[in-house]
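Per-entry structural report
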Amino acid sequence: MRLIAFALLFLPLPALADAVVDRVVDDVALPAVTRFADVTGHLAEAAQSDCTATSADLVTAWNDAMDVWFAVQPLRTGPLEDAALRQSIAYWPDTQGHRQ
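All of these numbers come straight from a predicted model, not from anything done at the bench. (Residues numbered from 1 in each chain as written. Predicted model: local features only at pLDDT ≥ 70, side-chain atom pairs only at ≥ 80, totals over all residues. Heavy atoms only, no water.)

A word on the overall build of the protein
From N to C terminus, the protein includes 5 helices and 0 strands. When burial is assessed residue by residue, the protein has 19% of its 100 residues classed as buried. Contacts in the protein between residues at least 24 apart in sequence constitute 45% of all its contacts with a sequence separation of at least 6. (Helix = DSSP H or I, 4+ residues; strand = E, 2+ residues; numbered from the N terminus. Buried < 20%, exposed > 50% of the residue type's maximum accessible area, 1.4 Å probe, protein only. Contact = heavy atoms within 4.5 Å.)

Dropping the structure here:
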């Protein structure tokens, strides 16, 4: 058992971890954040066009944004975390003005 533990010390595990992290960033995080930026752009356009609760385009854009948000929400790093944007997005629309 000691021999196995000692051998593990010399394996290139950090190199394997870097590849996994790179793959998660490239294949999961960046596409999800890019998609979220796209759909929230459509949400902003729909809100500018007709910002009433009965607007079918606005409701569809809102639902699309929230569907994509659920893929982004678990990412607890970077600007989403630094600026507490996750909480702001989670409470859209903030009718009380608590999150600015």
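Topic: the packing of aromatic side chains
Enumeration according to the criterion identifies 1 aromatic pair in this entry. On the numbers, 5.3 Å between centres and 45° between planes, the contact of Phe36 with Trp69 is tilted. Here Phe36, found in helix 2 (residues 13-49), pairs with Trp69, found in helix 3 (residues 56-72); they are 33 residues apart in sequence, far enough to count as distant. Each of the two residues, Phe36 as well as Trp69, counts as buried. (Phe/Tyr/Trp six-rings, centres within 6.5 Å; stacked < 30°, edge-to-face > 60°.)

Re the environment of Ala65
You can see Ala65 is positioned in helix 3. In this structure Ala65 touches Phe36, Val39, Thr40 and Leu43, once residues within four positions along its chain are discounted.

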